[in-house]
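# Summary of the model geometry
Chain by chain, the residues run as shown.
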Amino acid sequence: MKKKVVWCISKYALPPRLGAQGRLFFLSDEFEKRGYKSYVITSSTNHLTREMPRQIERVHVHKVGLSDAVFLKGVHIDSSVSFQRVVSWLVFEWRLLNLILFRNKRIEKPDVIIVSSLSLVTVLNGYLAKRLFKCKFFFEVRDIWPLSAISVTGFSKNNPLIMLMRMVEKFGYRKADVVVSPIPNLKEHISESIKKPFKFCYIPQGFDPAFMSRQEKLLPEFVKKYIPEGKFIVGYIGNIVLAYNLDMMLECARKLQQTHHDIHFLVLGDGTYKSALMEKAKDLHNITFIPRVPKTEVQDFLSHCDVVTNFFLPENAFRFGISPQKLVDYMYASKPVLMSFSGYKSIVEDSNCGRTVPADDVEAFNEVLLQMKQLSKEELMSMGKRGKEFLLTRLAWGTLANQYIELF
């Protein structure tokens, strides 16, 4: 019996070793284990990492894990907020359109297509493929565009580009067989967007036990250089971009520097806002910016932290929920989470593995941080372990892939 074929498409999908956008690669491998033939179709360039190899051919296919990865030659992007990024979307869609119309012999015709935003424009190609191949079309929403773009860039909802993206978003909701999202309350947003019946399924972010178990130690000289001894360490990992409220982190550190010299913030990662943020933090002695490390070393970094954190903007979009991969990394490390966030409850609340304070409230954040600092190591460890137990029982990629397969 011929295997059913799945195409998992996202411009920003990354092989797991390169960064946080590995969701489709993990799911694709799980589909393979369950008897499907699965492809991940993505771009050869990504502003979230500088480690993608340079690609000459327009279409390059090779194995990543158990799946075939299809890399479409892309345009290099320097900034996440630029016209260059829009051009990169259009180039990706043109390459994808050619792939759909003049299918490469190495890529079998799909029975199921999963389009995972961003790029949002891929929805149009996904629907074309649905009609052409007579297959099922799943629209996976990992970020609510253009609503998030309005919050981050300050664009008006009447901006022509924003209006165009909103039309594409609604089109995807109408034409998809199922809308899937790791954003728990997206169903409410869809209901506000279209006035017709739709099918929605919440499939959260996950983790791969085998990948997580292949962790490596940071180099001793790295630890000695960047991680101070005898401090209460507050750790942040991930992209340093305007989409997060990292200026608030500086304000928290600035206030604590005057009274609590034993609290130190460590910021591990890279991004388009890193240089500007470091410039703003020049007067701070209780925060250290650390170069990004391989994904396999992240868990060892987190083992040096007492509390881990994230700072969200007070966005209207967050009333539908959030799904950052860094929360999964934090919870797997069994670390208590302190998060600045106003919105629909997250897996931090679901698992009771930390505390959440209102977005943009520096005083509340520092107050709760000092309360957590007063807890014993055993109490902090117990809080963190609840997060890991939640992951193990509910969020393994295999469990989440089974949810997808039920929809297939």
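Residues numbered from 1 in each chain as written. Predicted model: local features only at pLDDT ≥ 70, side-chain atom pairs only at ≥ 80, totals over all residues. Heavy atoms only, no water.

Turning next to the sheet that holds strand E14 (residues 354-357). Backbone hydrogen bonds hold the strands of a sheet together, and the pairing may be parallel or antiparallel. Read across the sheet, six strands follow the order E11-E10-E9-E12-E13-E14 without closing on themselves; strand pairing throughout is parallel. At either margin of the open sheet sits one strand with a lone partner, and together these are strand E11 (287-290) and E14. Neighbour-to-neighbour, the strand axes of this sheet turn through a mean angle of 20 degrees, independent of strand direction. Judged from the six bridges that link them, strand E9 (residues 232-237) and strand E10 (residues 263-268) form a sheet pairing that is parallel. Across the sheet, Tyr 236 pairs through a bridge with Val 267, a residue of E10. Sheet strands touched by helix H9 (residues 246-259): E9, E10, E11, strand E12 (307-311) and strand E13 (337-340). Its angle to E10, the strand with the most contacts, is close to 155 degrees. (Pairing = 2+ DSSP bridges. Helix = DSSP H or I, 4+ residues; strand = E, 2+ residues; numbered from the N terminus. Axes fitted to C-alpha atoms, helices over the stretch in contact; angles between N-to-C directions. Contact = heavy atoms within 4.5 Å.)

This part takes up the sheet that holds strand E5 (residues 112-117). Ordered by their spatial adjacency, eight strands build an open sheet running E3-E4-E2-E1-E5-E6-E7-E8, and the pairing between neighbours is mixed. The sheet terminates laterally at strand E3 (59-64) and strand E8 (200-202), the two strands that pair on one side only. In this sheet, adjacent strand axes meet at a mean angle of 20 degrees when their direction is disregarded. By the bridge criterion, six bridges tie E3 to strand E4 (residues 67-72) in an arrangement that is antiparallel. Bridge pairing links His 62 to Ala 69 in E4. The strands that helix H1 (residues 23-33) touches are strand E1 (5-9), strand E2 (37-43), E3, E4, E5 and strand E6 (136-141); relative to E2, the one it contacts most, it runs at about 165 degrees.

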